[in-house]
Amino acid sequence: MISKEPGVMPGSHYFFLTAADTVREFYYYLVWCGHYFCKRGYSIKREFFPHLLLAYVQKGIMKLVYQEESYQAEEGTVMLIDCQLPHHYYSTPGLEFSYFHFDGANSHEFCRHLISENGSPVFRTSANTGIGISVNETVERLIEKEEIPSAETSRIIYEILMRIAQGNESPEEHSHLVNTAVKFINENVQANLTLDEIAEKVNLSAYYFSRLFKKHTGFSPLDYALKCKMDRAIFFLKTSDLSVGEIAYRLGYSSEAAFGNAFKRKVGLPPGRFRKMTI
């Protein structure tokens, strides 16, 4: 199918796909995808469109206005936007890009999180080449009239989003610093560590370290420190005869009441009741 959209040149293709109800409920799924060659005049401006857009720029430059901010996606970059928010993207001469309009369970929340973490809807990472290959291969399969199973399509979209989440860093990069911080936190579970104290241990700024730590562990450093305290508290409650007050002291709480309140917020039960229910 050849697109008739203004500014889209011959040789371009696009496909609309309809997902079954069960796929829409549980999977990620494609709504519309394609590969465009554009001249000046290609322009999409909307206040609202129900789906998400992921575009890989192969040549040229795509301009974007998203949430009243202006961006530029040049060759080799990935653009990700939630089209439920106001947006305007348009071409410069010689633009070539492939794209997915997609949706699925929790996809909008996930993509907004990725954009927020990146600080921009335009991603410039070492993962982009692989993302572009995945998008192009999917479109090529549709051009060849291949039927792609729903589960495979969902996997492709999810893997692309996880590549974006991973960003420039390989899983091993800086992992030794995170491991050092994790060990330091666990060895000082009785202390009330600050973010600056933990970051200083690995010689990083608090801001950079906090982002790095969360990317590798899924926790902020202070949330992880609290998790360690609660894990140690549960261990004491289930395996020792220490009183709740003694456990509070060993974990650095100023009082039994302060510990009890923190424990109940994280675990859902007061320490004494938790002990009775699990022994």
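In case you missed it, the structure is sitting above this.
None of these values were measured; they are calculated from a predicted model. Every residue gets a number counted from 1 within its own chain, in the order that chain's sequence is written. Selection of residues for local features in this predicted model requires a pLDDT of at least 70, selection of side-chain atom pairs for listing and counting requires 80 or more, and totals for whole chains, interfaces and linings are taken over all residues. Side-chain metrics rest on all non-hydrogen atoms present in the structure, leaving aside hydrogens and water.

Caption draft 1: Molecular detail of helix α4 (residues 150-166). Helix and strand definitions follow DSSP, with helices as H or I runs of at least four residues and strands as E runs of at least two, each counted in order from the N terminus. Residue count minus one, scaled by 1.5 Å, sets the expected span of a helix. Taking 1.5 Å per residue, 17 residues should reach 24 Å; α4 reaches 24 Å between its end C-alpha atoms and fits that length. Per-residue accessibility, obtained with a 1.4 Å probe over protein chains only, is compared with the maximum for each type, and a residue is labelled buried under 20%, exposed over 50%, and partly exposed between these values. All of the buried residues along α4 are T153, S154, I156, I157, I160, L161 and I164. Burial along α4 is one-sided: seen end-on, the buried residues are contained in an arc of 160°. Of the residues one or two after α4, G167 is the one with positive phi, at around 65°. The reported arc concerns the directions from the helix axis to the C-beta atoms and nothing else.

Caption draft 2: Broad picture of the sheet that holds strand β2 (residues 28-38). Pairing between two strands is assigned when DSSP locates at least 2 bridges connecting them. Ordered by their spatial adjacency, six strands build an open sheet running β1-β2-β9-β4-β7-β10, and the pairing between neighbours is antiparallel. Looking at which strands have only one partner, the edges of the open sheet turn out to be β1 (13-16) and β10 (122-123). Sheet strands in contact with helix α2 (residues 107-118) are β2, β4 (52-59), β7 (78-82), β9 (95-104) and β10, and its direction is about 125° off that of β7. Contacts between α4 and the sheet are confined to β2, β4, β7, β9 and β10, with β2 contributing the most and set at about 70° to the helix. In this analysis, two residues are considered to be in contact whenever any of their non-hydrogen atoms come within 4.5 Å of each other. All axes here are fitted lines through C-alpha atoms, helices being fitted over the stretch that makes contact, and every angle between N-to-C directions spans 0 to 180 degrees.

Caption draft 3: Region of the structure containing helix α7 (residues 206-217). In this model α7 runs 16 Å from its N-terminal to its C-terminal C-alpha over 12 residues, within 8% of the 16 Å that 1.5 Å per residue would give. Residues of α7 that are buried include every one of F209, L212 and F213, and no others. Projected down its long axis, α7 shows its buried positions confined to an angular sector of 100°, all on one face. Among the structural elements, α5 (175-187), α6 (195-201) and α8 (221-239) are those in contact with the buried residues of α7. In the segment just after α7, G218 is the residue with positive phi, at about 85°.

Caption draft 4: Representation of the packing of aromatic side chains in the model. The pairing test for Phe, Tyr and Trp rings, Trp by its six-membered ring, is centres within 6.5 Å, and the orientation test on the planes gives stacked under 30 degrees, edge-to-face over 60, and tilted for anything in between. Here the structure, examined in full by the defined rule, presents 18 aromatic pairs. Relative to F213, the ring of F209 lies with its centre 5.6 Å away and its plane at 55°, an arrangement referred to as tilted. Taken together, the residues F209 and F213, both in helix α7 and four residues apart, mark about one turn of the helix. Under the relative-accessibility criterion, F209 is labelled buried at 1%. By relative accessible area, F213 is classed as buried at 0%. Between F219 and Y224 the ring centres are 6.0 Å apart and the planes differ by 65°, which places this aromatic pair in the edge-to-face class. By the ring-pair criterion, three or more aromatic residues cluster together here, those being Y14, F16, W32, Y36, Y42, F49, Y89, F97 and Y99. Looking at K229, its charged tip hangs above the ring of Y253, at a distance of 5.4 Å from the centre. Any Lys NZ or Arg CZ that is within 6 Å of a ring centre and within 35 degrees of that ring's normal is treated as a charge sitting over the ring. Positioned above the aromatic ring of F236 is the side chain of R250, whose terminal nitrogen or guanidinium carbon lies 5.7 Å from the ring centre.

Caption draft 5: Structural context of the packing of helix α3 (residues 128-143) against α4. Following both chains from N to C, one finds α3 and α4 inclined at 160°, their axes separated by 10 Å at the closest point. Comparing the axis directions of α3 and α4 gives the class roughly antiparallel. As α3 packs across α4, the resulting crossing turns out to be left-handed. Contacts between α3 and α4 involve G130, I131, S134, V135, T138 and R141 from the former and E152, I156, I160, R163 and I164 from the latter. Residue classes in the contact of α3 with α4 are distributed as five nonpolar, three polar and three charged. By the definition adopted for this analysis, an angle is roughly parallel if under 35 degrees, roughly antiparallel if over 145, roughly perpendicular if from 65 to 115, and oblique otherwise. In this scheme the crossing of two helices becomes right-handed for a clockwise turn of the near helix relative to the far one and left-handed for an anticlockwise turn of less than a right angle. Under the scheme applied, nonpolar residues are Ala, Val, Leu, Ile, Met, Phe, Trp, Tyr, Cys and Pro; charged residues are Asp, Glu, Lys and Arg; polar residues are all the others, including Gly.

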